[in-house]
Amino acid sequence: MALVSAAGVVAAGLIATGMGGCADMSGIAPQASLRDAASLGLATAAAPTPMQPQTTVAAEWWRDFGDEKLNSLVAQALESSPNLKLAQARLARAQAVTEVATAATLPQVNGQLDVTRQRYTANGAVPPPLAGSIRDNGTAQLAASWELDFFGKNRAALDAALGSANAAQADAQAARVLLASQVARTYFQLVRLNEQAVVARRTLAQREQTLSLVSDRVNAGLDTRLELRQSEGGLPEARLQLEAVQEQMALTRHALQALMGQPNSASPLVPSAQSAIKNIAMAMVIPADLLGRRADIAAARWRVEASSSDVANAKTQFYPNINLVAFAGFSSIGLGNLLNSGSQQWGVGPAVRLPIFEAGRLRANLRGKTADLDAAVESYNAAVIDAVRDVADQVASMQAIGRQQAEQRSAQDAAESAYDIAVQRYQAGLGNYLNVLTAETSVLAQRRLAVDLAGRALETQVALIRALGGGYAAGPAPATQASSKIIAVSARPASANGLFDQ
């Protein structure tokens, strides 16, 4: 403790004698500032009523659709996806860097064992009888050092590493949310295409029935070969549409298998019926706590914290580096005397290093770290702006799809009724085949549109869930972050206070 106190006195003396004047950081300060919730139009949210849909998202939100096939696909993708494992490997690396930074704050102890056979010069400053002789030299000792972090350099480095590790953890969660949403959306695309195939097969069967009717009327002399050829041309067209849909289904299955980490799987995947999948009721508002729900925003915010700590660390480079060093062991000429009591040696004391002239290196480093902080802040701002836009887009799409589905149902009911009437009139000889073709074109378009709108509704629900964070829950801020606030406060934008806790 006496040595530590002495080292503190030495450090204070260096600053008091004007060495602190070398720490010229004037004119270097961050320019960017964090966007807060108010500037993004995210007002304080009112308490939801029991009848209002919630904006919160469960961690396993895909289970709310009530489709066991989807649940199985997502679980398999989360277990086998290389992209998710890559994010986890990056997290492990960032955690290892944190452990390295933690080790720098603790004492270091090293062992040394040297054995050397040496001929001493006969024409130098070596006295006889060593001069010109060949002897064995040995040294066995322990050396210890401890950097006294008076200016917070190691604490700032540790905070920067913790920020990067937390950012990597948030990135891993963001990768998980993205993967689950991609699997769900791709699966719902397959569901939609499967329903389109059902419509195409229904169309083919319908046209085969129509061809039989036209053939009977031609044989009875009620129609000409023109109507027969028109009806025959509808069959290849229906088969063409079915083949096109089946091709898209094959490609979608391949994309889904790739997301699951099992490309070109032999087992065919048959999706559930579109009508069997539940719709999730989501509140059509942008929640006030959006910034705390998304893993990508959390990662960007942690990178701001890490960059802020890097700036603090760059500032401490201007101040003295004080170490407490000690060693103890044995050293002798002649290995036979190495462990004798007279061969003992030890030493202890402070070691101080102070930058005097660095040719602008320290200021350049500080400018670079400050620029990194500005870049991290602007990346965060871009992320929150894109997040608000993303949620607004999905909310607008959900509302528009709901209105379109209501109008489409009315249009399809009218088209189905018109088609039935046209066929009945044609069978009774009261209408021509052109009326049947016109009504059929309209009803087929409405059937396809109904499937597409239902598919879009499911995919947009998934996109809205992802935009709302996909069930991400931010962990508590590490306690060691508080230790660097005094150093880092001058490098942090004033508007950052309290935003990360939203």
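Up top is the structure.
Residues numbered from 1 in each chain as written. Predicted model: local features only at pLDDT ≥ 70, side-chain atom pairs only at ≥ 80, totals over all residues. Heavy atoms only, no water.

**So, the sheet that holds strand E4 (residues 344-353)**
The criterion, for reference: When DSSP locates at least two bridges between a pair of strands, those strands are taken to pair. Secondary structure is summarised from DSSP: a helix means a run of H or I of at least four residues, a strand means a run of E of at least two, and numbering begins at the N terminus for each. Fitted lines through C-alpha atoms serve as axes, helices being fitted only where they are in contact, and the angles separating the N-to-C directions of these axes extend from 0 to 180 degrees.
Strand order in the open sheet made by the four strands is E1-E2-E3-E4, with antiparallel pairing throughout. Looking at the sheet topology across the chains shown, the edges are occupied by strand E1 (108-119) and E4. For this sheet the average axis-to-axis angle between neighbouring strands, irrespective of direction, equals 20°. Relative to E4, strand E3 (residues 321-333) is paired through 10 bridges, and the arrangement is antiparallel. The residue of E4 that forms the bridge with Leu324 is Pro350.

**Section: the packing of aromatic side chains**
Geometrically, a pair of aromatic rings is defined through the distance of the ring centres and the angle of the planes. Threshold: Two aromatic rings from Phe, Tyr or Trp, using only the six-membered ring of Trp, form a pair when their centres are within 6.5 Å; if the ring planes differ by under 30 degrees the pair is stacked, by over 60 it is edge-to-face, and anything between is tilted. Exposure is judged per residue with a 1.4 Å probe applied to protein chains only, and the accessible area is read against the type maximum: over 50% gives exposed, under 20% gives buried, and values in between give partly exposed.
With the rule as written, the count across this model stands at four aromatic pairs. Each ring, one from Phe151 and one from Tyr319, has its centre 5.0 Å from the other, and the planes form 10°; the classification is stacked. Remark: Tyr319 occurs in the loop between helix H6 (295-316) and E3 and Phe151 occurs in the loop between strand E2 (134-148) and helix H4 (153-219); sequence separation between them is 168 residues. Among the residues examined, Tyr319 registers a relative accessible area of 26% and is labelled partly exposed. Taken together, the ring pairs in this structure connect Phe65, Tyr187 and Phe188 into an aromatic cluster.

**Overview of the pattern of salt bridges**
What counts here: Here, a salt bridge means any side-chain nitrogen of Lys or Arg that lies within 4 Å of a carboxyl oxygen of Asp or Glu.
For the structure on display, the rule yields 12 salt bridges. Asp136 is paired through a salt bridge with Arg117; the nearest N and O atoms lie 3.0 Å apart. You can see Asp136 sitting in strand E2 and its partner Arg117 sitting in strand E1, a full 19 residues away along the chain. Taking the relative accessible area as the measure of exposure, Asp136 reaches 26% and is therefore partly exposed. Among the salt bridges present, the one from Arg389 reaches Asp386, with a minimum N-O distance of 2.9 Å. On the criterion of helical spacing, the pair formed by Arg389 and Asp386 is a turn pair, its members being three residues apart in helix H7 (residues 361-427). What makes Arg389 partly exposed here is its relative accessible area of 40%. Residues joined by salt bridges that share partners form a network here, namely Arg294, Asp296, Asp390 and Arg466.

**Thoughts on the layout of surface pockets**
Quick note on the threshold: Think of a 1 Å grid over the protein atoms and nothing else: a 1.4 Å probe that fits but is trapped marks a cavity, an open set flanked by protein within 12 Å on at least five of seven lines marks a pocket, and residues with an atom within 4 Å of a point count as lining. Grid points are joined across faces, edges and corners, and a volume is the space filled by probe spheres set on the points. Only Asp, Glu, Lys and Arg are considered charged, only Ala, Val, Leu, Ile, Met, Phe, Trp, Tyr, Cys and Pro nonpolar, and every remaining residue, Gly among them, polar.
A volume near 250 Å³ is recorded for the second largest pocket. Lining the second largest pocket are 14 residues; nearest its centre among them are Arg90, Ala94, Ser164, Ala168 and Asp171. For the lining of the second largest pocket, the secondary structure elements donating two or more residues are helix H3 (82-103) and H4. Considering only residue class, the lining of the second largest pocket consists of eight nonpolar, two polar and four charged.

**So, the pairing of E3**
Of the strand pairs in this sheet, E2 and E3 are connected by 12 bridges, and their pairing is antiparallel. Bridge pairing links Thr139 to Ser331 in E3.

**Remarks on the nonpolar core**
The line we're drawing: Residues grouped as a nonpolar core are buried Ala, Val, Leu, Ile, Met, Phe, Trp, Tyr and Cys residues, joined through side-chain atoms within 4.5 Å. Note on contacts: a residue pair is in contact if any heavy atoms of the two residues lie within 4.5 Å.
Residues Trp61, Phe65 and Phe188 are the most contacted members of the largest nonpolar core, which totals 64 residues. At the level of elements, helix H2 (68-80), H4, helix H5 (225-259), H6, H7 and helix H8 (433-467) are the ones that each hand at least two residues to this core. Setting aside residues up to four positions removed in sequence, Phe188 forms contacts with Phe65, Leu70, Ile277, Leu458, Glu459 and Val462. Leu211, Val218, Ala422 and Val443 belong to the second-largest nonpolar core, a separate cluster that totals 16 residues.

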